[in-house]
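Listed below are the residues making up each chain.
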Amino acid sequence: MKLKAKIMDAKAINRSVTRLSHEIIEKNKGVSNIVLFGIHTRGIPLAKRIASKIKEIEDVDVIVDSLDITLYRDDLSKINDNPIINKRVASININDKDVVLIDDVIFTGRTVRAAMDALIDMGRPKTIQLAVLVDRGHRELPIRPDFIGKNVPTSRKEIISVKFDETDNENEVVIYEK
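Residues numbered from 1 in each chain as written. Predicted model: local features only at pLDDT ≥ 70, side-chain atom pairs only at ≥ 80, totals over all residues. Heavy atoms only, no water.

Caption draft 1: Examining the overall build of the protein more closely. Assigned secondary structure in the protein consists of five helices and eight strands. Ordered by position from N to C terminus, the α and β elements of the protein give β-α-β-α-β-α-β-α-β-β-β-α-β. Taken over the C-alpha trace, the protein has a radius of gyration of 16 Å; the compact-globule value for 178 residues is 16 Å, and the two agree within 12%. Counting across all 178 residues of the protein, residues that qualify as buried make up 45%. Sequence separation of 24 or more characterises 69% of the internal contacts of the protein that already satisfy a separation of 6 or more. Put simply, the protein shows about 9600 Å² of open surface, and 47% of that area lies on carbon and sulfur atoms. (Helix = DSSP H or I, 4+ residues; strand = E, 2+ residues; numbered from the N terminus. Rg over C-alpha atoms; globule rule 2.2 N^0.38 Å. Buried < 20%, exposed > 50% of the residue type's maximum accessible area, 1.4 Å probe, protein only. Contact = heavy atoms within 4.5 Å. Areas by Shrake-Rupley, 256 points an atom, 1.4 Å probe, with all protein chains shown as cover.)

Here you go:
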């Protein structure tokens with residue numbers, strides 16, 4: 001793969017996290033009923049960053065949890081003949097909560113669909129909202145994020161790579177060409 005462009009540096013990511021946090025607070029008229037779920041892998045550090053920013057703004061600790069959607073993927077057999085399945089045990093009650101799913105990039109929408117299936121198995125939230133750092137288009141399902149850090153139109157030959165300190169020891173968003 002060939003590096004095409006760096007589209008966000010650490011400062012741009014931080015600005016997007018701040019904006020996403022403010023938008024989540026505004027849409028929900030506060031944070032008293034919010035639960036944040038980071039979709040494994042890079043949605044988790046993003047969710048924690050948003051929670052930290054919300055704490056700065058509202059002086060309220062919001063609940064943050066992680067969501068492993070492996071069991072719910074529709075392409076499980078394509079990934080591995082014997083995938084490792086981690087059965088989710090609900091650690092928090094999401095009934096009647098405003099759940100915000102958080103992921104680094106939205107592409108086809110299939111990951112989000114799987115995440116919604118996982119949430120519904122955990123309980124019945126009041127609402128499910130979606131926050132993403134990057135929306136690259138090419139949806140295959142009728143799913144649209146409520147909160148978007150940056151829209152980046154791409155071709156199917158391009159790959160968006162989000163890197164966070166927590167997972168990759170650097171903070172940037174780059175586009176590669178196949």
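Caption draft 2: Focus on the nonpolar core. Counting residues in each nonpolar core, the largest one holds 29 residues, and the members touching the most others are I50 and L133. The biggest single contributor to this core is helix 1 (residues 10–27), with six residues. Residue contacts for I50: discarding those within four places in its chain leaves V17, L20, S21, I24, L36 and I102. Counting residues in each nonpolar core, the second largest holds 19 residues, with I69, V99, L101 and A114 among its members. (Core = buried A, V, L, I, M, F, W, Y, C linked by side-chain atoms within 4.5 Å.)

Caption draft 3: Representation of the pattern of salt bridges within the structure. Evaluated as defined, the whole model comprises 15 salt bridges. One salt bridge connects D59 with K55, and the closest N-O pair in it is separated by 3.4 Å. Residue classification places D59 among the exposed residues on the basis of a relative accessible area of 59%. When its relative accessible area of 33% is taken as the criterion, K55 is described as partly exposed. (Salt bridge = Lys/Arg side-chain N within 4 Å of Asp/Glu carboxyl O.)

Caption draft 4: Summary view of the UniProt feature "short sequence motif: PRPP-binding" (unreviewed entry) in the protein. Residues annotated in UniProt with the feature "short sequence motif: PRPP-binding" (unreviewed entry) correspond here to residues 99–111. With 15% helix and 62% strand, residues 99–111 has end C-alpha atoms that lie 16 Å from one another. (UniProt positions renumbered as here; feature names shortened; annotations may be inferred.)

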